[in-house]
Amino acid sequence: MVYNPAAITIPQASAFNRKIAGKQIELYHLKNKAGMQVVITNFGGYLVGAWVPDKKGRLTSVTVGFDTIEGLAKQTSYYGAIVGRYANRIAKGKFTLDGQKYNLPINNGPNSLHGGKANFSYKVWDAKQLDDQTVVLETLSEHTEEGYPGNLKVKVTYTLTDNNEITIAYEATTDRTTVVNLTNHAYFNLNGEGNGDILYHVVQINASHYTPIDSTLIPTGEIAPVKDTPFDFVNPERIGKRINSDHAQLKFGNGYDHNFVLNRHGAHVPVATVTGDVTGIKLEVFTDQPGLQFYTGNFTPGTNLTRGNVKDTMRTAFAMETQHFPDSPNKPNFPSTVLKPGEVYNTQTTYKFSV
């Protein structure tokens, strides 16, 4: 496919001027002094798109998304959504908390994924744009919504810095003990949205261990070393070099769809770095979370037409979802995702772009 960054245009507000559940959908355009642009919508808290200058200064769309609210609302792959109340999978949609058993909707094989069927990606959030570079989104997840306990108040702040960083700050409080795990599900193609697969992107992940999964993509509970496996990205490696290896874990995930256990790191040390081989655009991921779900678009259906009328075929984008580990409520050896009344869930992730 010929690289053509000009083929992808920035969505217009009129294409999102709709009401869903009686609430108005809006687009929020952010722009920094370096010329980078980001578009957010209050539907699902989606990062609709991000446009970054490449090595020749051409503005390049680096996230996969949709031109219209209709396209965004009908897809089911979470292209840039805020997902919760529990990002990733919970085995069989069940967990026990303080002796009480909870049942969640099953929406991914035998498991509950990303908070259930009516998860945060379908909510119309209350939103306010504070300035040219900041948008604040708020919502309430009511007690027993999708089976989870507690009235959970959530605030997400998107900030575009002048250093070409998208910072996402998450905050939540509850009136009953509950579990929380929030993330953003942006899909990236650093060679430009719609410009082929991501197999020649080069990835480095600061993780010496990962959490192996079973055939339903639920962690087994083991924390396994990446050394001498296709999951070793401690040193930079092409995504495609080992993705089709004869390895049981890759067969379960149809590629990479695994949680990496991040090594100890400072706030200013990236936990992952990815570079596009054509554009030279580099993505660095910074987070205070213990895990990172590296997903190579193995289950994207090829039936959605994303921006530029391009089909979302397999492995044409990747996700780097900062998180606590999947199924943590059922794995006592994993870092806890419990949030109690009087506590504040407070976490931050930054996606930084450069060439």
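You'll find the structure just up there.
In what follows, the accompanying structure is described. As the structure is a computational prediction, the values presented were derived from the model and not from experiment.

Let us look at the side chain of Asn88. On the secondary structure map, Asn88 appears in the loop between β7 (82-83) and β8 (89-90). Residue class for Asn88 comes out buried when judged on its relative accessible area of 3%. Looking at Asn88, its side chain comes within polar contact range of the side chain of Gln323, at 3.1 Å. Each residue touching Asn88, except ones within four places of it in the same chain, is listed here: Ser112, Leu113, His114, Gln293, Gln323 and Pro326.

Below, the discussion takes up the side chain of Thr63. Turning to its location among the elements, Thr63 is positioned in the loop between β6 (59-61) and α1 (69-74). Not counting the four nearest positions on each side in its chain, Thr63 is found in contact with Leu47, Val48, Gly49, Ala50, Tyr187, Phe188, Glu193 and Arg307.

Counting 57 residues, the largest nonpolar core has Ile166, Ile205, Phe294, Met320 and Phe353 as its most contacted members. For this core, the leading source of residues is strand β14 (residues 152-160), giving five residues. Beyond its immediate sequence surroundings of up to four residues, Met320 is in contact with Ala186, Val203, Ile205, Ala272, Val274, Val285, Leu292, Gln293, Phe294 and Tyr351. In terms of nonpolar packing, the next biggest core, distinct from the first, is built from 26 residues, Ala15, Trp51, Phe66 and Val83 among them.

Attention now goes to the sheet that holds strand β24 (residues 282-287). Overall, antiparallel pairing links the nine strands, which are arranged β12-β13-β14-β15-β30-β24-β23-β18-β21 in an open sheet. Across the chains shown, the open sheet's two edge strands, defined by having one partner strand only, are β12 (126-131) and β21 (237-238). Examined bridge by bridge, strand β23 (residues 272-275) and β24 share four bridges and lie antiparallel to one another. What sits directly across from Thr273, in β24, is Glu284.

Here the focus is the pattern of salt bridges. Under the criterion given, the structure shown has nine salt bridges. The salt bridge involving Lys241 is made with Glu237; its shortest N-O contact spans 3.5 Å. For Glu237, a relative accessible area of 18% gives the class buried. Here Asp327 makes a salt bridge to Lys331, at a shortest N to O gap of 2.5 Å. Overall, the relative accessible area of 1% leaves Asp327 in the buried class.

Looking now at the sheet that holds strand β5 (residues 47-53). Reading across the sheet, the four strands line up as β3-β4-β5-β6 and stay open at both edges, with antiparallel pairing between neighbours. The open sheet has two free edges, formed respectively by β3 (27-31) and β6, since each of these has just one partner strand. Neighbouring strand axes in the sheet, compared pairwise and without regard to direction, differ in orientation by 20 degrees on average. Bridge analysis of β5 against β6 gives three bridges, and the strand direction is antiparallel. What sits directly across from Trp51, in β6, is Ser61.

What follows deals with the environment of Val203. With respect to the secondary-structure elements, Val203 resides in strand β18 (residues 202-205). Remark: the alpha-carbon pair of Val203 and Asn254, spanning 51 residues in sequence, is separated by 18 Å. Dropping the residues within four chain positions of it, Val203 is found in contact with Phe233, Asn235, Pro236, Glu237, Ile239, Thr273, Val274, Phe294 and Met320.

Attention now moves to unusual backbone geometry. Peptide bonds are trans in most cases, and residues, glycine excluded, mostly fall at negative phi. Look at the link from Gly84 to Arg85: it is a cis peptide, with omega at 15 degrees. Tracing the chain through its elements places Arg85 in the loop between β7 and β8. One non-glycine residue, Thr144, adopts positive backbone phi at about 75 degrees. Position of Thr144 relative to the elements: it lies in the loop between β13 (134-141) and β14. Unlike most non-glycine residues, Asp327 shows phi in positive territory, near 60 degrees. Summarising the element assignment, Asp327 is placed in the loop between β28 (319-323) and β29 (338-339).

The next thing to look at is the pairing of strand β30 (residues 345-354). Relative to β30, strand β15 (residues 165-174) is paired through eight bridges, and the arrangement is antiparallel. Residue Glu165 lies in a different strand from β30, and its bridge partner there is Lys352. When β24 meets β30, the two strands line up antiparallel, connected through six bridges. Bridge pairing links Val285 to Tyr351 in β30.

Across all of its chains, the model carries 21 aromatic pairs by this definition. For the pair Phe233 and Phe260, a centre-to-centre distance of 6.4 Å together with 65 degrees between the ring planes defines the contact as edge-to-face. Of the two residues, Phe233 sits in the loop between β20 (224-225) and β21 while Phe260 sits in strand β22 (residues 257-261), which places them 27 residues apart along the sequence. Overall, Phe233 belongs to the buried group, its relative accessible area being 0%. Note on Phe260: relative accessible area 1%, which makes it buried. Aromatic rings pair up to connect Tyr210, Phe231, Phe233, Tyr256, Phe260 and Phe294 into one cluster.

Reading guide: rules and limits
Residues numbered from 1 in each chain as written. Predicted model: local features only at pLDDT ≥ 70, side-chain atom pairs only at ≥ 80, totals over all residues. Heavy atoms only, no water. Helix = DSSP H or I, 4+ residues; strand = E, 2+ residues; numbered from the N terminus. Buried < 20%, exposed > 50% of the residue type's maximum accessible area, 1.4 Å probe, protein only. Polar contact = N/O pair within 3.5 Å; in protein donor to acceptor, adjacent residues only side chain to side chain. Contact = heavy atoms within 4.5 Å. Core = buried A, V, L, I, M, F, W, Y, C linked by side-chain atoms within 4.5 Å. Pairing = 2+ DSSP bridges. Salt bridge = Lys/Arg side-chain N within 4 Å of Asp/Glu carboxyl O. Axes fitted to C-alpha atoms, helices over the stretch in contact; angles between N-to-C directions. Phe/Tyr/Trp six-rings, centres within 6.5 Å; stacked < 30°, edge-to-face > 60°.

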